[in-house]
Amino acid sequence: MSADDALVLRVVGEHLGGCARADLAERLRIGRVPAKENRRAERKRALTKVSSSRWAGAITRASEDQYQLSLRCLFDERTSLRRAISGIHQRLAVPCGQRAGGVRGYPSPAERAQKQRRLQVLTARLADVEARIEAGRPAVVVGGRRLAKVRHHLADAGLSESGWRERGEAARLFLTADGESEAPYGNYTISVDPVEGTVTIVLPEPLRHLANAPRGRYRLACTVIFNHRRGEWLDRVTAHRAVRYDITHDPERGRWCLDASWSTPETVLPTPVELAAAGVRLLAVDLNAGHLAACVIDAHGNPVGRPVTVPANLTGPASQRDGRLRQAISELIHLAKTNDCAGLAIENLGFDDARATGRETMGRGRRGKAFRRTVAGLPTARFRERVRGMAHHAGLVVVAVDPAYTSRWGGQHWQTPLQQQSKTTIVTGHHAAAAAIGRRALGHGARRRPGETAHDQRIVERRATGQTVPHPRTRGTASPPRTTGTPHQGNKTCRDRNDQLTLLPVSQDRSGRQPASPVYGDPANTGQHR
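Calculation rules
- Residues numbered from 1 in each chain as written.
- Predicted model: local features only at pLDDT ≥ 70, side-chain atom pairs only at ≥ 80, totals over all residues.
- Heavy atoms only, no water.
- Helix = DSSP H or I, 4+ residues; strand = E, 2+ residues; numbered from the N terminus.
- Buried < 20%, exposed > 50% of the residue type's maximum accessible area, 1.4 Å probe, protein only.
- Areas by Shrake-Rupley, 256 points an atom, 1.4 Å probe, with all protein chains shown as cover.
- Phe/Tyr/Trp six-rings, centres within 6.5 Å; stacked < 30°, edge-to-face > 60°.
- Pairing = 2+ DSSP bridges.
- Axes fitted to C-alpha atoms, helices over the stretch in contact; angles between N-to-C directions.
- Core = buried A, V, L, I, M, F, W, Y, C linked by side-chain atoms within 4.5 Å.
- Salt bridge = Lys/Arg side-chain N within 4 Å of Asp/Glu carboxyl O.
- pLDDT = per-residue confidence, 0-100.
- Contact = heavy atoms within 4.5 Å.
- 1 Å grid on protein atoms, 1.4 Å probe; cavity = no way out; pocket = protein on both sides within 12 Å on 5 of 7 lines; lining within 4 Å.
- Points joined across faces, edges and corners; volume = space filled by probe spheres on them.
- Nonpolar A, V, L, I, M, F, W, Y, C, P; charged D, E, K, R; others polar.
- Parallel < 35°, antiparallel > 145°, perpendicular 65-115°, else oblique.
- Left-handed = near helix turned anticlockwise from the far one by under 90°.

Participant: I keep staring at the overall build of the protein and nothing clicks. Help me out?
Facilitator: Check the secondary structure of the protein and you find 18 helices and 16 strands. Looking at the protein as a whole, 42% of its 530 residues qualify as buried. Here the protein has roughly 28800 Å² of accessible surface; of this, 50% comes from carbon and sulfur atoms.

Shown next as structure tokens:
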């Protein structure tokens, strides 16, 4: 990019960035109000006078998105603080060195006094967060709070004051144009010619004197080309369908980047019952620290082939961790397609409670700190979001199941059969947990009933049962299920949600009834994609 083009982009970005910051401040002053009372139309009319109608629409939309995101972060912080405070309160209620009802008191008076001081700090933080929520005014730092704090630690960050200021100015630029259907090439404000690759930008009203193209536009001297998903982008721009463009500046590399994003049509995903009835396979995945354990499960709930371990070394900077996670997911998608799987089965994991109360419930000393670090390093939410988006574009469905007892029951019922089936592969408890996850995703129980077909039917003689039949059957015996009007003996039955008695031990009442559901609300279906 030439110096003149870079100068024009910087001037336009700084002008629109100032307008965006002023609008965000006004939105924060309005506070928590219904959508009809956020005065967006009024704010948009005021911004149109100093930019354009489309620039004003993008600015007000971005301000509303930022405000709602900040509120959600406040709600999450309040929940986390409440969990931590509750955990400390429970342990403070127990005398030192004693245990009451499964809650252990602190081992020494010194640690107890330290936790009391920490409780006061957390209580003060909670009061501040609740006050912000009540006022409806979250704290927002344009460009990121992390970059703002680096200003006081330039030597540790390896930055000079001028370098830090250049990064801050680049982060405060606003060059985002929302797409518009029926507009030329899907976007009137920032337009990219699919044939020549030229980029034209509509200048704000006070900067129209910089125009070098008709109708107040500026055409960049350089050209652009999209390599990733270029075919989809060409299909949209040639049909004049909406495409959003974001222009960002990377001062560290001295580059200007143009990102294109668009919404994909929402699709109706099949339910687990429909997947099992269709006779499809699923690739079950167990997320662990440092690797992913995968196992192919057929429609009857039986493991197929040998289990696979996918390395996932998620250490280093955030950009490297995300790239390695994407690489691991890409390998999972390749395995699923190689084994003719219709989708992936994952656990609906979340360690919010553990991360909020980790110091109180996850061990002490060096061992407890290492365990807490391992739990904090599991990218549960990021893994779930990345799998949903990447699997959608690969034509695969994602089924999220309850993770309860998958490791315990998998190791109890499936590790030995998997090892017998895969004699050249070392089967771990994580592979067995993946088998339990896949069975639960297809609506089967996690248990492996005794007396079913052995691992080698040529040399081992056992009776075959109806376990592989996809329609619901009783578990544990061959007798038909009893209804509530049928007398029963002892405690060998437990009540189902529909008030029907099913023959299985009470301790395993969750093995086959956990609600496994496809991951709906996928941003790959309804959100923006690059």
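Participant: Even after reading the chapter, I still don't get unusual backbone geometry, so can you show me in this structure?
Facilitator: Backbone phi values are negative for most residues with the exception of glycine, while trans is the configuration of most peptide bonds. Non-glycine residue Asp 340 carries a positive phi angle of around 55°. Looking at the secondary structure, you find Asp 340 in the loop between α10 (318–338) and β12 (341–347). Take Asp 340: its relative accessible area is 64%, and that puts it in the exposed class. For Tyr 405, which is not glycine, the phi dihedral falls at a positive 65°. Topologically, Tyr 405 is positioned in the loop between β13 (397–401) and α15 (406–413). In this structure Tyr 405 comes out as partly exposed when scored by relative accessible area, which is 36%.

Participant: Explain the packing of aromatic side chains to me, please; I cannot follow it from the model alone.
Facilitator: Any two aromatic rings considered together are summarised by their centre-to-centre distance and by the angle between their planes. Tallying each qualifying case throughout the model produces 2 aromatic pairs. Between Phe 226 and Trp 233 the ring centres are 4.8 Å apart and the planes differ by 55°, which places this aromatic pair in the tilted class. The exposure class assigned to Phe 226 is buried, which follows from its relative accessible area of 13%. By relative accessible area, which is 3% here, Trp 233 ends up buried. Their ring planes at 20° and their centres at 5.1 Å tell us that Tyr 405 and Trp 409 sit as a pair that is stacked. Trp 409 sits in the buried class, given a relative accessible area of 4%.

Participant: How should the sheet that holds strand β4 (residues 190–192) be read in this particular structure?
Facilitator: Hydrogen bonds along the backbone pair up the strands of a sheet, which may run parallel or antiparallel. Taken in spatial order, the 3 strands of this open sheet run β4-β5-β6, and their pairing is antiparallel. The sheet is open, and its two borders are formed by β4 and β6 (217–223), each paired with just one other strand. Within the sheet, the average angular offset between the axes of one strand and its neighbour, ignoring direction, is 20°. Relative to β6, strand β5 (residues 198–202) runs antiparallel, the two sharing 4 bridges. For Ile 201, the partnering residue across the bridge sits in β6 and is Tyr 218.

Participant: Where do I start with the nonpolar core in this structure?
Facilitator: Nonpolar side chains in soluble globular proteins tend to be buried together. By size, the foremost hydrophobic cluster in this structure holds 34 residues, and its most contacted members are Ile 190, Trp 233, Tyr 245 and Ile 247. Taken together, the elements giving at least two residues each to this core come down to α1 (3–30), α3 (53–92), β4, β5, β6, α8 (230–238), β7 (244–250) and β8 (255–261). For this core, the element with the most residues is α1, which contributes 7 residues. Residues Leu 283, Val 285, Val 296 and Val 387 belong to the second largest nonpolar core, which totals 25 residues.

Participant: What exactly am I supposed to notice about the pattern of salt bridges here?
Facilitator: Opposite charge on two side chains lets them pair, provided their charged atoms get close. This structure, assessed with the given rule, holds 21 salt bridges. Glu 130 is paired through a salt bridge with Arg 82; the nearest N and O atoms lie 3.1 Å apart. Linking Glu 130 in helix α4 (residues 109–135) with Arg 82 in helix α3, this pair joins segments that are 48 residues apart in sequence. With relative accessibility at 31%, the residue Glu 130 sits in the partly exposed group. When its relative accessible area of 43% is taken as the criterion, Arg 82 is described as partly exposed. Here Arg 326 ties to Asp 322 by a salt bridge, and the two come within 3.1 Å at their closest N and O atoms. Placement of both Arg 326 and Asp 322 in helix α10 is noted, with a separation of 4 residues, approximately one turn of the helix. By relative accessible area, which is 36% here, Arg 326 ends up partly exposed. Classification of Asp 322 by relative accessible area gives buried; the value is 16%.

Participant: I keep staring at the sheet that holds β8 and nothing clicks. Help me out?
Facilitator: Across the sheet, which stays open at both edges, the 3 strands sit in the order β3-β7-β8 with antiparallel pairing between neighbours. Looking at strand neighbours, the two that pair on one side only are β3 (176–177) and β8, the edges of this open sheet. Looking at chain direction, β3 and β7 are connected through 2 bridges and run antiparallel. Across the sheet, residue Ala 177 finds its bridge partner in β7, namely Tyr 245.

Participant: Even after reading the chapter, I still don't get the confidence of the model for the protein, so can you show me in this structure?
Facilitator: Residues of the protein with pLDDT of at least 70 account for 80%, and the chain-wide mean is 80. Across residues 460–518, confidence stays below pLDDT 50; counting only partners more than four residues off in sequence or on other chains, it has 125 contacts. Across residues 520–530 the pLDDT falls below 50, and counting only partners more than four positions away or on other chains, this stretch makes 46 contacts in the model.

Participant: Before we go on, may I ask you to explain empty space enclosed by the protein in this structure?
Facilitator: Empty pockets left among the atoms are what a rolling probe the size of a water molecule brings to light. Tallied over the entire structure, the rule returns 2 cavities of 30 Å³ or more. By volume, the largest cavity amounts to about 60 Å³. Taken together, Val 285, Leu 287, Ile 346, Glu 347, Leu 349, Thr 380, Phe 383 and Arg 384 make up the lining of the largest cavity. Per-class residue counts for the lining of the largest cavity are 5 nonpolar, 1 polar and 2 charged.

Participant: It is not clear to me how the packing of α10 against helix α14 (residues 380–393) should be interpreted in this structure. Could you clarify?
Facilitator: Two quantities define a packed helix pair, namely the angle between the axes and the distance from one axis to the other. Running from N to C, α10 and α14 point in directions that differ by 50°, and their axes come no closer than 10 Å. As the angle between them shows, α10 and α14 are arranged oblique. The crossing of α10 and α14 is right-handed. Between α10 and α14, the contacting residues are Asp 322, Leu 325, Arg 326, Ile 329, Ser 330, Leu 332 and Ile 333 on the first element and Arg 382, Phe 383, Arg 386, Val 387, Met 390 and Ala 391 on the second. Class assignment for the residues of the contact of α10 with α14 results in 8 nonpolar, 1 polar and 4 charged.

Participant: Looking at this structure, I do not really get the environment of Gly 395. What am I missing?
Facilitator: Among the structural elements, Gly 395 can be located in the loop between α14 and β13. Given the relative accessible area of 62%, Gly 395 is considered exposed. Each C-alpha atom of the pair Gly 395 and Ala 342 lies 8.2 Å from the other, and the pair is 53 residues apart in sequence.

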